[in-house]
Amino acid sequence: MESRHFYGTTFGLVGTVLAAVQVTHAVEQTDVAVAIAVDGVPFALLGLSLSFVGYWLATHPAFEPDLPRIATWALGGTVLLAAVAALTLFSQRVATGSLGRVAYVTADSVTVGAVAGTVVGLYDAQGQRHLRELERERDRTADFARKAADLNNYGRALAQAATVEEVGAYCIEGLSALLDHDETAFVEVGVESEHVASSTVSTVEDGTLRSLARRAADDDAVVAVREGNLPGPVASVLTIRLESTASTSGVLIAVGEGAGTLSSEDEQLLELLASHASMVLDRIYRGEPDELVDDLR
């Protein structure tokens, strides 16, 4: 049983028991229907609200890390109001010997305390959840800034590349640094043939890489994650198409574990890497002078 189901069931049972106790106490005190409704129904509804909270917590996984916190607040509120009720009753009722309503007042206090503690716990859990979201956003921003700085360094290195092999090596190294992909290949795609220029892939044959590169070169997407109907043992693959005005272009291929996940930030960075590499490749394929390197810096 998952923790949220356990806590949800516990809240549901406690709420149901408290609601039943309130109705029972109301019936025991009077036979008048209006009095029962006025005295028992509001507290019974408070008890049932805990059952609803239990159902809500059991069906919302987002609050699962905070379930112990919510339960602690609920228990604390219950104990606090129960203690206040006990002290009040002891100081005001024991001396006169009238203890008939002790159980009723205590049950009312326990019900209100449980509901109040749960509400405070939910509010606290919401604040903690918001704090975790802010921390994740901060970490994502810091990670994006780090990757962008790395990409800038690789962009400068690419601008100085003079051969296709150097472009492929920088692209493979850059992709590995950005996304932690260990198996990456750079494939040249011509009009009728493909050539694996650089590769760190050991689990996929070159023929499969060439087939994947041809498919990516014929696609309109610059960055794409491909799944299903893939050749060989590949379950998913990340491809980055490098555009060129020449008849030959390049395709980066990342295979292996993690290749099927890609955030929007990572996609933007990969498109920038593809843009840098495409300009350099286009210069190399067209045999233009190295003075154009300064335009890429």
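Preceding block: the structure.
What counts, and where the lines are drawn
- Residues numbered from 1 in each chain as written.
- Predicted model: local features only at pLDDT ≥ 70, side-chain atom pairs only at ≥ 80, totals over all residues.
- Heavy atoms only, no water.
- Helix = DSSP H or I, 4+ residues; strand = E, 2+ residues; numbered from the N terminus.
- Buried < 20%, exposed > 50% of the residue type's maximum accessible area, 1.4 Å probe, protein only.
- Contact = heavy atoms within 4.5 Å.
- Areas by Shrake-Rupley, 256 points an atom, 1.4 Å probe, with all protein chains shown as cover.
- Axes fitted to C-alpha atoms, helices over the stretch in contact; angles between N-to-C directions.
- Parallel < 35°, antiparallel > 145°, perpendicular 65-115°, else oblique.
- Nonpolar A, V, L, I, M, F, W, Y, C, P; charged D, E, K, R; others polar.
- Phe/Tyr/Trp six-rings, centres within 6.5 Å; stacked < 30°, edge-to-face > 60°.
- Pairing = 2+ DSSP bridges.
- Core = buried A, V, L, I, M, F, W, Y, C linked by side-chain atoms within 4.5 Å.
- Polar contact = N/O pair within 3.5 Å; in protein donor to acceptor, adjacent residues only side chain to side chain.
- Salt bridge = Lys/Arg side-chain N within 4 Å of Asp/Glu carboxyl O.

Peer 1: Before we go on, may I ask you to explain the overall build of the chain in this structure?
Peer 2: Counting its secondary structure elements, the chain contains 8 helices and 5 strands. Beginning at the N terminus, the succession of helices and strands in the chain can be written as α-α-α-α-α-β-β-α-β-β-β-α-α. Counting the 297 residues in the chain, one finds 38% classified as buried. By sequence separation, contacts in the chain at least 24 residues apart represent 64% of the contacts at least 6 residues apart. As displayed, the chain offers around 15,900 Å² of accessible surface, 58% of which is attributable to carbon and sulfur atoms.

Peer 1: Can you walk me through the packing of helix α5 (residues 164–179) against helix α7 (residues 264–286) in this structure?
Peer 2: In a packed pair of helices, the relevant descriptors are the angle between the two axes and the axis-to-axis distance. At a minimum axis separation of 10 Å, α5 and α7 run at an interaxial angle of 175°. When the axis of α5 is compared with that of α7, the two are roughly antiparallel. Residue-level contacts link V164, V167, C171, L175, L178 and L179 of α5 to D266, L269, L270, L273, A277, V280, L281, I284 and Y285 of α7. Its residues assigned to classes, the contact of α5 with α7 shows 14 nonpolar, no polar and 1 charged.

Peer 1: Even after reading the chapter, I still don't get the packing of aromatic side chains, so can you show me in this structure?
Peer 2: In this description, an aromatic ring pair is defined by two values, namely the gap between the centres and the angle between the planes. Counted under the stated rule, the structure contains 2 aromatic pairs. When the centroid spacing of 5.6 Å and the interplanar angle of 80° are considered together, the rings of F6 and Y7 count as edge-to-face. The partly exposed category is assigned to F6, whose relative accessible area is 48%. Plain terms: the ring middles of W56 and F63 are 5.1 Å apart, the flat faces sit at 50° to each other, and that makes the pair tilted. Taking the relative accessible area as the measure of exposure, F63 reaches 3% and is therefore buried.

Peer 1: Would you mind showing me how to read the side chain of S249 here?
Peer 2: Take S249: it is sitting in strand β5 (residues 249–255). S249 has contacts with V187, E188, V189, L242, S244 and Y285, leaving out every residue within four places of it along the chain.

Peer 1: Could you clarify how one ought to interpret the pairing of strand β4 (residues 236–242) in this entry?
Peer 2: Side chains on a regular strand alternate between the two faces of the sheet. Along β4, 7 of the 7 residues are buried, which leaves the element largely enclosed by surrounding structure. Alternating residues of β4 divide into S236, L238, I240 and L242 and V237, T239 and R241, and every residue in both groups is buried. As paired elements, β4 and β5 share 6 bridges and run antiparallel to each other. Counterpart to R241 in the pairing with β5 is V251. Where β4 hands over to β5, the hairpin turn is made up of 6 residues, counted between the paired strands.

Peer 1: Sorry if this is basic, but what is going on with the nonpolar core here?
Peer 2: As a rule of thumb, soluble globular proteins bury nonpolar side chains together. By size, the foremost hydrophobic cluster in this structure holds 26 residues, and its most contacted members are V167, F186, I240 and L270. Those elements that place two or more of their residues in this core are α4 (102–159), α5, β4, β5 and α7. The biggest single contributor to this core is α7, with 8 residues. Leave out the neighbours within four places in its chain, and F186 touches V164, G168, I172, H195, V196, A197, S198, L242, G250, V251, L252 and L281.

Peer 1: Please clarify how the side chain of R4 should be interpreted in this entry.
Peer 2: Looking at the secondary structure, you find R4 in helix α1 (residues 3–29). A polar contact of 2.9 Å, which involves the side chain of R4, links it to the backbone oxygen of A58. Once you skip the residues sitting within four places of it in the chain, R4 turns out to touch L57, A58, H60, P61, E64 and L67.

Peer 1: So what exactly am I meant to see when it comes to the pattern of salt bridges here?
Peer 2: A side chain with one charge can pair with a side chain of the opposite charge if their charged atoms come near. In this structure the tally under the stated criterion is 13 salt bridges. Between R4 and E64 there is a salt bridge, with the nearest N and O atoms lying 3.5 Å from each other. Of the two residues, R4 is situated in helix α1 and E64 in the loop between α2 (33–58) and α3 (67–92); the sequence distance between them amounts to 60 residues. Each of D143, R146, K147, D150 and D266 takes part in one network of salt bridges that share partners.

Peer 1: Is there a simple way to think about the sheet that holds strand β2 (residues 194–199) in this case?
Peer 2: Sheet strands associate in pairs through backbone hydrogen bonding, adopting either a parallel or an antiparallel arrangement. Spatially, the 5 strands line up as an open sheet ordered β2-β1-β5-β4-β3, and their pairing is antiparallel. The sheet is open, and its two edges are formed by β2 and β3 (223–227), each paired on a single side. The mean angle between the axes of side-by-side strands here comes to 25°, regardless of whether they run parallel or antiparallel. The pairing of β3 with β4 spans 5 bridges and is antiparallel. Each residue of the ladder has a partner; that of E227, found in β4, is S236. In the packing of α5 onto the sheet, the strands contacted are β1 (183–189), β2, β4 and β5, and the crossing angle to β1 comes to about 145°. Strands β1, β2, β3, β4 and β5 of the sheet are contacted by helix α6 (residues 206–217), whose axis makes an angle of about 110° with β2.

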